[in-house]
Amino acid sequence: MTLPIIDLNQPRSYPPRVSAFTQRFWGALQDGRFETTRCADCERITFPPKPFCPHCWSKNLTWVPLRGRGRLYSQTVVHAAPAVFRAEAPYRVGIVDLDEGLRIATRILCDAPPALDAPVEIVVLRYVDGPLFAARPL
Amino acid sequence: MSNTVTILGAAALKVGKWQGSADAPTQALEHETLANLVVDAMRDAGVDRREINSLAFSLPRPYTQQKYFGTFMANYLRLPCDGSVSEIMGNGMTAGLAFEAASNDIRLGRSKVALALGVNFETAISAAEHMMSSMRTTGDVDFHVPFGFTPISWYAMDAARYIHEFKSSREELASVAVKNRMHASLNPIAQFRKPITLEEVLAQPPIVEPLGLYEVPPRSDGAVCLVLAEEAVARASRRPYVRVKGRGFFHEGAHQINEVPNDMIALIAAQTAGRAAFAEAGVAPDDIDLAEIYAPCTIVEVLVSEALGFAPRGHGARMAREGETTLGGRIPICTSGGLQSRGHPAYVTPFYSFVEIMDQLRHRAGERQVADARLAVTSAELGNYNAALVHVLEAVH
């Protein structure tokens, strides 16, 4: 399944580094797919994707798709921002519990304060220099 | 059988803005500032400097020009040491871990007297520039930082969750800031001492919602020297001292958030470290007379007061609003004024907690003295209390 894609005509304020390992994640995200790694031994998933399993330390991994659905665990609006984010402030960030049982932190897209525990979906923010992901209320 | 650690002397710089801009005609220099405090702390302890075996420094901020600061200070003080000389780093827990390094040399019998000391100068650097570094300490550089999280944004999300789960309110949480300012008004070394009202706290500009300017820590410079000694030295001094009665540490193996969803605001590290410290000390939370908690934001003080057992789960904010954590209340918390009002020179902040406990347990806290204070607790943390270091301290007169 692919995620909704929002194209943005600007570069990312603080681009993530890409490793030989995580380039699969960022490449998939650019195409609207949200993926992570699952342990082929203990079968648990992890996020961010890792070259080993943090639960059993196996290096036997597979890539699996994530549905991109979850619930908003918490959120805030950052007014006092680091220098590189100053032009974006104030902006909303939050913590999302994905349906697959993973907790992530990301940008939250919505103007009014969102209700905690309410369902959200993950979207792709496609900047001119590469992608990020975000969550928005369903 | 390890030796018992005591704190016998202390000296601290008034928290505030000391660091000048690079083009100022004169500079406040870290080594001069700290050397003055070393002399003062040793006079307070009544110990000869030749008895010092170890120096455990908190790492200075990267803005401090003098690098290898610890070894430079050993030279500046002309202080040969046969225990150890080290500079310790661990984010907000830095000074707590430096205290541990000094303590461990005493526990192991490598030192009779060990200094835990350091300086944190940072106020000449703007908050927006400072956060370019600090945002990379409290999150995954590739999977959190690109979204714009700042160190205190995590605490703000604790606050939002706490209000949601326990039907609390920003007003309840903000009462902690009012209480801490009242305490700071009685503390000569606090950064902000003018009393404030709840209305004033609520009227401040938002920093990380729902927290406003007075509910988050200021930028601060500070410096502290603590004199730690094995108990025989402390006893021979014939002065009042503080005994380390219990200690607990726990890192939950997560950074900011746990990728396996958990109860983020239970502060499992503070719970676990607290239980270990109380068990070693052989006391219970009810026995404690006061606590000096590492709490950058109001919400953190509330959560730690619950995690350490001073308040039932979900009742910490109400307890603060009702005055139970105020001087004269059931369990006074942050009698120094806490991080919001005493100030937050982060790498030495846990040292300031020990300074306050030294004042209180030696009954030298003046107008903010907790009557008959005998047992106290300190905490230090890193991340979003992903790790906690808790000490139980006892007065010896």
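Residues numbered from 1 in each chain as written. Chains lettered and ligands numbered in written order. Predicted model: local features only at pLDDT ≥ 70, side-chain atom pairs only at ≥ 80, totals over all residues.

A. Focus on the overall build of chain A. Looking only at helices and strands, one finds one helix and nine strands in chain A. The N-to-C order of helical and strand elements in chain A reads β-α-β-β-β-β-β-β-β-β. For chain A, the C-alpha radius of gyration of 15 Å lies close to 14 Å, the compact-globule estimate for 138 residues. The burial tally for chain A puts 34% of its 138 residues in the buried class. (Helix = DSSP H or I, 4+ residues; strand = E, 2+ residues; numbered from the N terminus. Rg over C-alpha atoms; globule rule 2.2 N^0.38 Å. Buried ≥ 20, exposed ≤ 12 C-beta atoms within 10 Å, placed from the backbone.)

B. Representation of the interface of chain A and chain B in the model. Between chain A and chain B, the residue contacts involve 36 residues of the former and 31 residues of the latter. Here the residues of the side of chain A that touches chain B sort into 21 nonpolar, eight polar and seven charged. (Contact = placed C-beta atoms within 7 Å. Nonpolar A, V, L, I, M, F, W, Y, C, P; charged D, E, K, R; others polar.)

C. Examining the environment of B:Arg110 more closely. Residues and elements named next belong to chain B. Within the element layout of this structure, Arg-110 appears in the loop between α3 (94-107) and β4 (113-120). Owing to 15 C-beta atoms within 10 Å, Arg-110 belongs among the partly exposed residues under this scheme. Residues Arg-110 and Ser-54 lie 56 residues apart in sequence; the distance between their C-alpha atoms is 8.3 Å. In contact with Arg-110, not counting residues within four places along its chain, are Asn-53, Ser-54, Gly-83 and Asp-105.

D. A look at the packing of helix α5 (residues 151-166) of chain B against helix α10 (residues 298-307) of chain B. Residue and element names in this part refer to chain B. Their axes nearest at 8 Å, the elements α5 and α10 cross at an angle of 65°. Handedness of the crossing formed by α5 with α10: left-handed. Where α5 abuts α10, its residues Tyr-155, Asp-158, Ala-159 and Tyr-162 lie against Ile-299, Val-300, Val-302 and Leu-303. Residues that form the contact of α5 with α10 fall into these classes: seven nonpolar, no polar and one charged. (Axes fitted to C-alpha atoms, helices over the stretch in contact; angles between N-to-C directions. Left-handed = near helix turned anticlockwise from the far one by under 90°.)

E. Examining the sheet that holds strand β4 (residues 61-65) of chain A more closely. Residues and elements named next belong to chain A. Read from one edge to the other, the open sheet built from three strands follows the order β3-β2-β4, with strand pairing classed as antiparallel. Each edge of the open sheet is held by one strand with a lone partner, namely β3 (45-46) and β4. Across five bridges, strand β2 (residues 35-39) lies against β4 in antiparallel orientation. Each residue of the ladder has a partner; that of Cys-39, found in β4, is Leu-61. (Pairing = 2+ DSSP bridges.)

F. Expanded view of the confidence of the model for chain B. Of all residues in chain B, 100% have pLDDT values of 70 or greater, and the mean over the chain is 97. Interface confidence in the predicted complex, given as ipTM, is 0.98; pTM for the same model is 0.97. (pLDDT = per-residue confidence, 0-100.)

G. Structural view of the sheet that holds strand β3 (residues 84-88) of chain B. Residues and elements named next belong to chain B. Reading across the sheet, the nine strands line up as β3-β2-β4-β7-β1-β8-β11-β10-β9 and stay open at both edges, with mixed pairing between neighbours. Looking along the sheet, the strands with just one partner apiece sit at the ends: β3 and β9 (290-292). Along the sheet, successive strands turn relative to each other by an average axial angle of 25°, direction set aside. In this structure, strand β8 (residues 241-251) lies alongside strand β11 (residues 387-396), joined through 10 bridges in antiparallel fashion. Note on β11: the bridge partner recorded for Tyr-241 is Val-396.

H. Layout of the nonpolar core. All names here are of chain B. Counting 166 residues, the largest nonpolar core has Leu-115, Ala-116, Val-224, Leu-226 and Val-227 as its most contacted members. Among the elements that take part in this core, α5 stands out by supplying eight residues, more than any other. In contact with Leu-115, other than residues within four places in its own chain, are Val-38, Ile-52, Leu-55, Ala-102, Cys-225, Leu-226 and Val-227. (Core = buried A, V, L, I, M, F, W, Y, C linked by C-beta atoms within 7 Å.)

I. Inspection of the pairing of β8(B) at higher detail. Residue and element names in this part refer to chain B. The buried fraction of β8 is high, at eight of 11 residues. By the bridge criterion, two bridges tie strand β1 (residues 5-12) to β8 in an arrangement that is antiparallel. Bridged to Thr-6 within β8 is Arg-243.

J. Seen up close, the pairing of strand β2 (residues 52-58) of chain B. All names here are of chain B. Of all seven residues in β2, seven are buried, a share of seventy percent or more. Both β2 and β3 contribute to a ladder of five bridges, which runs parallel. Paired with Ser-58 across the strands is Ile-88, a residue of β3. Between the parallel pair β2 and β3, the chain is carried across by helix α2 (residues 69-76), and the sense of this crossover is right-handed. (Right-handed = clockwise from strand over helix to strand, strands pointing away.)

K. Structural detail: the environment of B:Phe250. Residues and elements named next belong to chain B. Here Phe-250 lies in strand β8. What makes Phe-250 buried here is the crowd of 20 C-beta atoms within 10 Å. Spatially, the C-alpha atoms of Phe-250 and Ala-276 are 9.0 Å apart, while their sequence positions differ by 26 residues. Among all residues touching Phe-250, those that are not within four sequence positions of it are Ala-269, Thr-272, Ala-273, Ala-387 and Ala-388.

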